[in-house]
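For reference, the chains in residue letters:
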Amino acid sequence: MKANEILARARQENRTILKEIEAKQLLMEAGINCMDTRLAPTKDAAVKLSEQFAYPVVLKISSVDITHKSDAGGVKVNVKNKAEVEDAFDAIMRSCKAAAPTARIEGVSVQRMAKPGIEVIMGMIKDPSFGPVIMFGLGGVFVEVLKDVAFRIVPIEKSDAGDMINEIKGKKLLEGYRGQEPADVVYLQQMLLKLSDFVNTTTEIEEIDMNPVFAYKDGAVVVDARIILSAA
Ligand code: ADP
Ligand code: MG
């Protein structure tokens, strides 16, 4: 589905929150590489999709009412065969129904397990005085505990993207640390530029959260994405 159709459908359904699959579709259209993620409304569909993708896969709850999926027990990673898909599907439904009894659940999303990389985050928030601001940081504990993130007002230029990556304190981790491969910093810069362009041309978006993005020696991929639209 095209970006404007996704936005129109959300508006029609009176939603300001996009589902992971919708958010990734919008970002893909903006040229940002995301894990191919598909909806499985039933357990059988989840098995079928998993076999099409090839194992291991990741199953996640798909619900407009559950945005923090792991908190609700809604994510199962490294699912390796048909029996594990069936178990993961049941476990996700059980925990999410317990955690959010009134949530509208449409099924699970299925995607391939991404190979391990350096976890980074990218996003956008709207600042009351500066307007849209994009953000870059290292994922996990770096953003949650250390708040090690860089911000720039949109639109950014190539040099800004480079500066954003350079100014985070954990930058050394992107250069390869204890045998880990370095991250493709040029590719990350290009992603930030695409994000800036996208935000600049799609004014009805209030917030974007790509967390995590896995960065590799060559390229990077968005593993989870959340988009919030502005109130109509
Ligand atoms: P949440 O809504 O809780 O943020 P995520 O989609 O980010 O859910 O999934 C939780 C965690 O599972 C991620 O931080 C990441 O470590 C892992 N994960 C999610 N999708 C994948 C994937 N396709 N490949 C590998 N790991 C993944
Ligand atoms: Mg996430």
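Residues numbered from 1 in each chain as written. Chains lettered and ligands numbered in written order. Predicted model: local features only at pLDDT ≥ 70, side-chain atom pairs only at ≥ 80, totals over all residues. Heavy atoms only, no water.

Engineer: Run through the side chain of Gln111, naming residues and quoting values.
Structural biologist: Among the structural elements, Gln111 can be located in strand E5 (residues 105–112). Within polar-contact distance, the side chain of Gln111 engages the side chain of Lys24 at 3.0 Å. Dropping the residues within four chain positions of it, Gln111 is found in contact with Glu20, Lys24, Met35, Asp36, Thr37, Phe53, Val57, Val58, Lys60 and Val223. (Helix = DSSP H or I, 4+ residues; strand = E, 2+ residues; numbered from the N terminus. Polar contact = N/O pair within 3.5 Å; in protein donor to acceptor, adjacent residues only side chain to side chain. Contact = heavy atoms within 4.5 Å.)

Engineer: Any chance you could break down the environment of Phe89 for me, citing the residues and the numbers?
Structural biologist: Within the secondary structure, Phe89 is located in helix H4 (residues 82–99). Each C-alpha atom of the pair Phe89 and Lys43 lies 6.3 Å from the other, and the pair is 46 residues apart in sequence. The contact partners of Phe89, leaving out residues within four places of it in the chain, are Ala40, Pro41, Thr42, Lys43, Ala46, Leu59 and Val108.

Engineer: Would you mind going over the site of ligand 1 in detail, with residue names and values included?
Structural biologist: With respect to spatial proximity, 18 residues lie near ligand 1, and among them Lys60, Lys69, Ser70, Ala114 and Asp224 are the closest. Within the side chain of Ser70, one N or O atom sits 2.5 Å away from an oxygen atom of ligand 1. Taking 550 Å² as the accessible area of ligand 1 by itself, protein coverage stands at 81%. Mapping ligand 1 onto the cavity grids shows that it belongs to the largest pocket. Elements with a minimum of two residues in the shell around ligand 1: strand E3 (57–63), strand E4 (75–79), E5 and strand E9 (205–215). Of the residues forming the shell around ligand 1, the biggest block, three residues, is contributed by E9. Residue composition of the shell around ligand 1, grouped by class: eight nonpolar, five polar and five charged. Looking at the shell around ligand 1, you find at least three residues from each of domain 1 (36–113) and domain 2 (118–229). (Near = heavy atom within 4 Å. Areas by Shrake-Rupley, 256 points an atom, 1.4 Å probe, with all protein chains shown as cover. 1 Å grid on protein atoms, 1.4 Å probe; cavity = no way out; pocket = protein on both sides within 12 Å on 5 of 7 lines; lining within 4 Å. Sits in = over half its atoms within 2 Å of the grid points. Nonpolar A, V, L, I, M, F, W, Y, C, P; charged D, E, K, R; others polar. Domains from an automatic or database assignment.)

Engineer: Tell me about the layout of surface pockets, and please be specific about residues and values.
Structural biologist: Approximately 780 Å³ is the volume attributed to the largest pocket. Put simply, the parts of the chain that give the lining of the largest pocket at least two residues each are E3, E4, E5, strand E6 (118–127), helix H5 (141–144) and E9. Looking at the lining of the largest pocket residue by residue, the class counts come to 16 nonpolar, six polar and ten charged. Each of two domains, domain 1 (36–113) and domain 2 (118–229), supplies a minimum of three residues to the lining of the largest pocket. (Points joined across faces, edges and corners; volume = space filled by probe spheres on them.)

Engineer: I'd love a proper account of the nonpolar core, names of residues and values included.
Structural biologist: Judged by nonpolar contacts, the single largest core of 42 residues is most densely connected at Phe136 and Leu188. At six residues, the largest contribution of residues to this core is made by helix H7 (residues 185–201). In this structure Leu188 touches Val120, Met122, Phe136, Ile165, Ala183, Ala215 and Ala220, once residues within four positions along its chain are discounted. Judged by nonpolar contacts, the second largest core, of 21 residues, contains Leu49, Val79, Ala103 and Val108. (Core = buried A, V, L, I, M, F, W, Y, C linked by side-chain atoms within 4.5 Å. Buried < 20%, exposed > 50% of the residue type's maximum accessible area, 1.4 Å probe, protein only.)

Engineer: Any details on the pairing of E6? Residues and values, ideally.
Structural biologist: Note that E6 and E9 share seven bridges and pair antiparallel. Along E9, the bridge assignment pairs Met124 with Ile208. Bridging between E6 and strand E7 (residues 131–138) involves eight bridges; their strand directions are antiparallel. Looking across to E7, one finds that Asp127 is bridged to Gly131. From the end of E6 to the start of E7, which pair antiparallel, there are three residues. (Pairing = 2+ DSSP bridges.)

Engineer: Residues and numbers for the coordination of the magnesium ion (ligand 2), please.
Structural biologist: On the protein side, the magnesium ion (ligand 2) has Asn211 (O) and Asp224 (OD) as donor atoms, found 2.2 to 2.3 Å from it. Within this pair, whereas Asn211 is found in strand E9, its partner Asp224 is found in the loop between strand E10 (220–222) and strand E11 (225–229), the two being separated by 13 residues in sequence. We classify Asp224 as buried; its relative accessible area is 18%. (Donors = N, O, S within 2.8 Å, 3.2 Å for Na, K, Ca; no water.)

Engineer: Before we move on, can you summarise unusual backbone geometry with the specific residues and values?
Structural biologist: Each neighbour pair has its own omega, and for Tyr55 with Pro56 the value is -5 degrees, a cis peptide bond. Looking at the secondary structure, you find Pro56 in the loop between helix H3 (43–53) and E3. With an omega of 0 degrees, the peptide bond between Val154 and Pro155 qualifies as cis. Here Pro155 lies in the loop between strand E8 (149–153) and helix H6 (158–167). The backbone phi angle of Asn14 is positive, close to 60 degrees, even though this residue is not glycine. Structurally, Asn14 can be placed in the loop between helix H1 (3–12) and strand E1 (17–18). Note on Asn14: relative accessible area 74%, which makes it exposed. Of note in this structure, Ala54 is not a glycine but carries a positive phi near 85 degrees.

Distances and angles like these do not, on their own, reveal function.
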